[in-house]
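# Overview (structure and organization)
This is what each chain is made of:
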Amino acid sequence: HLTPRGGAGVGAMSRRERGLEPGGAEAAAEDAEPAEPESPDQCLSLLPWDRFSAWLHCVCVVGFDLELGQAVEVIYPPHSKLTDKEKTNICYLSFPDSNSGCLGDTQFCFRFRRSPGRKVSLCCFLDQLDRDLPVYLKKDSAYYYGYVYFRQVRDKSLKRGYFQKSLVLISKLPYVHLFRTMLKQIAPEYFEKSEAFLEAVCNDIDRWPPPVPGNVLQLPIMGVIMKLRIPTYRDKPGTTSIVQNMHQADAQISMALPTVHEVDLFRCFCPVFFHIQMLWELVLLGEPLVVMAPSPAESSETVLALVSCISPLKYCSDFRPYFTIHDSEFKEYTTRTQAPPSVILGVTNPFFAKTLQHWPHIIRIGDIKLPGEVPKQVKVKKLKNLKTLDSKPGVYTSYKPYLNKDEEIVKQLQKGVQQKRPTEAQSVILRRYFLELTESFIIPLERYVASLMPLQKCISPWKSPPQLRQFSQDDFMKTLEKTGPQLTSGLKGDWIGLYRHFLKSPNFDGWFRCRQKEMTQKLEALHLEALCNENLVFWSQKHTEVETVDLVLKLKNKLLQVDREHLPVKTDTLKKLQTHINDIILALPDDLQDILLKTGTT
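Residues numbered from 1 in each chain as written. Predicted model: local features only at pLDDT ≥ 70, side-chain atom pairs only at ≥ 80, totals over all residues. Heavy atoms only, no water.

To keep things clear, this is the line we draw: UniProt positions are given in the numbering used here, feature names are shortened, and annotations may be inferred rather than shown by experiment.
Under an unreviewed UniProt entry, the protein chain has the name DEN6A protein and belongs to Donacobius atricapilla. Note on the protein chain: under the UniProt heading Sequence similarities (unreviewed entry), the record states "Belongs to the DENND6 family."

Laid out in structure tokens, this is it:
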């Protein structure tokens, strides 16, 4: 586990969590710049597997046993802990359903719940890294991702006549493209070699630098160096920093990754090309969605594409890129005794066509192939027409979109198909379209929430920090007439209806909690600054010893709060506060000085 050397101290403050730039807590006052964190190498006491643990929880090999079925054959490093329930989930999720008929090599990913009650092994250093990430890349400590490379080939020497095995990387990090690229490098060689090769791979990972957002990282893996940059919340949404390939002085091959987390958006949305705007609404509103696909590769990529289409907003509900009937949440998510939950499921088993036919929105996709010709218009189908997984591709729903259809984006992408525009370029166009749509929708909310912040003149050093004003749906709706999405989007439609629906969704709840926390911390920081600008020694001379001791204890608690809650406080303010505390203590009688200097307080 990563452990900070000498602790983070009050100097290692976090920056604010950001989802989008406009609005936020800046409206009340100038930004309080936080102190810079210690450099990652200072923070690491390099015990074996510390660096490995920053990237992966473990590596598993899942094989097929004639008597046991799927079984975890190897877990590396050997000390990695997985509960029986987690192992069972990994076993079933690491193999495609038998009906998928995946011959050869297949790559996909899954996501599953961590068992409760386990100690989270994040130290303040890893917390610091997480705080610098964009909100949609932050780790969710309740879930693990599994990145799979599955091989199924004929082998007459085996009883079943097939060799079936999966190499699986288990991680809390949602860096799909990085781990996919890494598996492509190591899995084929692993299947030809042995456990010693796997050990060498893990030793390579244990030499990687920590996953610091914003830095260009060089990650060596079995003779290849992957170069990449993890985004930070400061990056302008929609921009990708280009990591240049540099010539290595030695013989190692260098590979620059254009992204760590993005999927091929255009390829994923191709089968449902004409419904991208409706799908954006369904994801934004946290509606229950199921993706029925022929293989885990297609189901997982489509689910990840859906979740990312509202970026830079974070999708706050559960999503499962590949979900099976053996999943520990199968009963919970398929029950008919209550309404379907706010979750996106990717499935391949035909059984789900019957089990989930009561779900309100179903996306059925065939094999994902890029169109050689312009895709034909596919109508939205009624749910009652979906009987089996053999049904035609399309979107099965009775949902009526709030916004009018944007014909321009469809024409632009169709033109790209005619002109044989590369899929990467088509994905860039689609990603920019989704980004502009999401920003047009969220900026009015950002602007209104920023207005809930009390003015700086309301902050008094001798009173508790003022409270944020309550969010009022009616007041927010009134702002839309003058400062609504029409300022940045030409799309017509029932924007107000869309906002009303969104305000009841888990995505709004998650976004608003994040903003609330950020603004409350800002108020605490401003209150601390107001305190530091007072002549506290002069105050203490005019008050009793009991009141002065009470002030010292309160100030010490403030310092602890800054450290504990990572408040956005300037380093100078902290130094000033510490000086105030010391000066007040020195003006007190010796016996009180001794007690107060020893008191760390609660």
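### Notes on the nonpolar core
Our working definition: As used in this record, nonpolar core signifies buried Ala, Val, Leu, Ile, Met, Phe, Trp, Tyr and Cys residues forming a set joined through side-chain atoms within 4.5 Å. For each residue, the accessible area found with a 1.4 Å probe, counting protein chains only, is set against the maximum for its type, and the residue is called buried under 20%, exposed over 50%, and partly exposed in between. Here a helix means four or more residues in a row that DSSP labels H or I, a strand means two or more in a row labelled E, and each is numbered from the N terminus. Either an automatic procedure or a domain database provided the assignment from which the domain bounds are taken.
If you look at the biggest cluster of nonpolar residues, it comprises 114 residues, and the most contacted ones within it are Trp55, Phe269 and Leu445. A per-element tally of this core places helix 13 (residues 423-450) first, with 10 residues. Structurally, this core is a two-domain feature, drawing no fewer than three residues from each of domain 1 (50-257) and domain 2 (429-504). Formed by 23 residues, the second largest nonpolar core is a distinct cluster that contains Leu536, Leu567, Leu577 and Leu588.

### Structural notes on the environment of Lys85
The condition that has to hold: Contacts are residue-level and defined by heavy atoms, with any inter-residue pair within 4.5 Å sufficient.
For Lys85, the position within the fold is in helix 3 (residues 84-93). Taking the C-alpha atoms as reference points, Lys85 and Asp327, 242 residues apart in sequence, are found 9.7 Å from one another. With residues up to four places along the chain from it excluded, the contact list for Lys85 reads Ser115 and Ser328.

### Points about the sheet that holds strand 11 (residues 343-347)
We apply this condition: If DSSP finds at least two bridges between two strands, the strands pair. Every axis in this analysis is a line fitted to C-alpha atoms, fitted for helices over the stretch in contact. Angles between the N-to-C directions lie between 0 and 180 degrees.
One open sheet holds the five strands; their spatial order is 10-11-9-12-13, and the pairing between them is mixed. Of all the strands in the sheet, the pair left with one neighbour each is strand 10 (318-320) and strand 13 (394-397). Averaged over all adjacent pairs, the angle separating strand axes in this sheet is 15°, with direction ignored. Bridging between strand 9 (residues 289-292) and strand 12 (residues 361-364) involves four bridges; their strand directions are parallel. Bridge pairing in strand 12 links Val291 to Ile363. In the packing of helix 8 (residues 276-284) onto the sheet, the strands contacted are strand 9, strand 11, strand 12 and strand 13, and the crossing angle to strand 13 comes to about 50°.

### Digging into helix 15 (residues 495-502)
When helix 15 is considered as a whole, its buried residues turn out to be Trp495, Gly497, Leu498, Tyr499 and Phe502. Against helix 8, helix 13, helix 14 (473-483) and helix 16 (506-532) lie the buried residues of helix 15.

### Quick notes on the sheet that holds strand 4 (residues 143-154)
Backbone-to-backbone hydrogen bonds pair the strands of a sheet. The strands run either parallel or antiparallel. Ordered in space as 2-1-5-4-3, the five strands form an open sheet in which the pairing is antiparallel. Single-partner strands in this sheet number two, and they are strand 2 (69-76) and strand 3 (104-113). Averaged over all pairs of adjacent strands, the angle between strand axes in this sheet comes to 25°, irrespective of strand direction. Inspection of the sheet shows strand 1 (residues 58-65) paired to strand 5 (residues 162-171) by six bridges, in the antiparallel sense. Looking at the pairing, Val61 lines up with Leu167 of strand 5.

### Some details on unusual backbone geometry
The omega angle of the peptide bond from Tyr76 to Pro77 is -5°, so this bond is cis rather than trans. Assignment of secondary structure puts Pro77 in the loop between strand 2 and helix 3. A cis amide bond links Ser311 with the next residue in sequence, Pro312, at an omega value of 10°. Tracing the sequence through the fold places Pro312 in the loop between helix 9 (296-308) and strand 10. For Lys420, which is not a glycine, the phi torsion comes out positive at approximately 55°. For Lys420, the position within the fold is in the loop between helix 12 (407-418) and helix 13. Relative accessible area serves as the criterion here: at 67%, Lys420 is assigned to the exposed category. Residues other than glycine seldom take positive phi values, yet His566 does so here, at roughly 55°. Here His566 is to be found in the loop between helix 18 (545-565) and helix 19 (571-586).

### Focus: a negative patch on the surface
This is how it is decided: A patch consists of residues whose relative accessible area exceeds 30% and which take part in no salt bridge; residues with like charges are grouped when within 9 Å of each other, and nonpolar side chains (Val, Leu, Ile, Met, Phe, Trp, Tyr) when within 5 Å. Here, Shrake-Rupley sampling with a 1.4 Å probe gives the accessible areas, and only protein chains in the shown set may cover a residue. For this document, the term salt bridge refers to a Lys or Arg side-chain nitrogen within 4 Å of an Asp or Glu carboxyl oxygen. For the charge count, each Lys or Arg is scored as positive and each Asp or Glu as negative, with His and the chain ends excluded. Here the site of a charge means atom NZ of a Lys, CZ of an Arg, CG of an Asp or CD of a Glu.
Together, Glu545, Asp590, Asp591 and Asp594 make up a negatively charged patch on the protein surface. Take the negative patch: its biggest share by element is three residues, from helix 20 (residues 590-598). By the element assignment, Asp591 lies in helix 20. With a relative accessible area of 52%, Asp591 lands in the exposed category.

### Considering the packing of aromatic side chains
Stated formally: Two aromatic rings, drawn from Phe, Tyr or Trp (for Trp, its six-membered ring), form a pair once their centres lie within 6.5 Å of each other, and the interplanar angle then sorts them: stacked below 30 degrees, edge-to-face above 60, tilted otherwise.
According to the stated counting rule, one finds 36 aromatic pairs in the structure shown. Taking 6.2 Å as the distance between ring centres and 85° as the angle between the ring planes, the aromatic pair formed by Trp280 and Phe441 counts as edge-to-face. Of the two residues, Trp280 sits in helix 8 while Phe441 sits in helix 13, which places them 161 residues apart along the sequence. Assigned by exposure class, Trp280 and Phe441 land together as buried. Taken together, the ring pairs connect Trp280, Phe441, Tyr448, Phe471, Phe476, Tyr499, Phe502, Phe508, Trp511 and Phe512 into an aromatic cluster.

### Focus on the state of the cysteines
Applied cut-off: Only a pair of cysteine sulfur atoms within 2.5 Å counts as a disulfide in this structure description.
The final tally for this structure, using the stated rule, is zero disulfides. Its sulfur unpaired, Cys58 is 3.9 Å from the next cysteine sulfur, which belongs to Cys60. Taking relative accessible area as the criterion, Cys58 reaches 0% and is therefore assigned buried.

### Here's the deal with helix 3
Listing the buried residues of helix 3 in full gives Glu86, Asn89, Ile90, Cys91 and Leu93. At its buried positions, helix 3 is contacted by strand 1, strand 2, strand 3, strand 4 and strand 5.

### Considerations on the pattern of salt bridges
Applying the stated criterion across every chain, the model contains 25 salt bridges. Here Glu329 and Arg113 are joined by a salt bridge, their closest N and O atoms 3.6 Å apart. With a gap of 216 residues between them, Glu329 in the loop between strand 10 and helix 10 (330-334) and Arg113 in strand 3 connect regions that are remote in the sequence. Taking the relative accessible area as the measure of exposure, Glu329 reaches 3% and is therefore buried. For Arg431, the salt bridge is made with Glu262, and the minimal N-O distance between the two is 3.6 Å. With Arg431 in helix 13 and Glu262 in the loop between strand 8 (253-256) and helix 7 (265-269), this pair connects stretches of sequence that are 169 residues apart.

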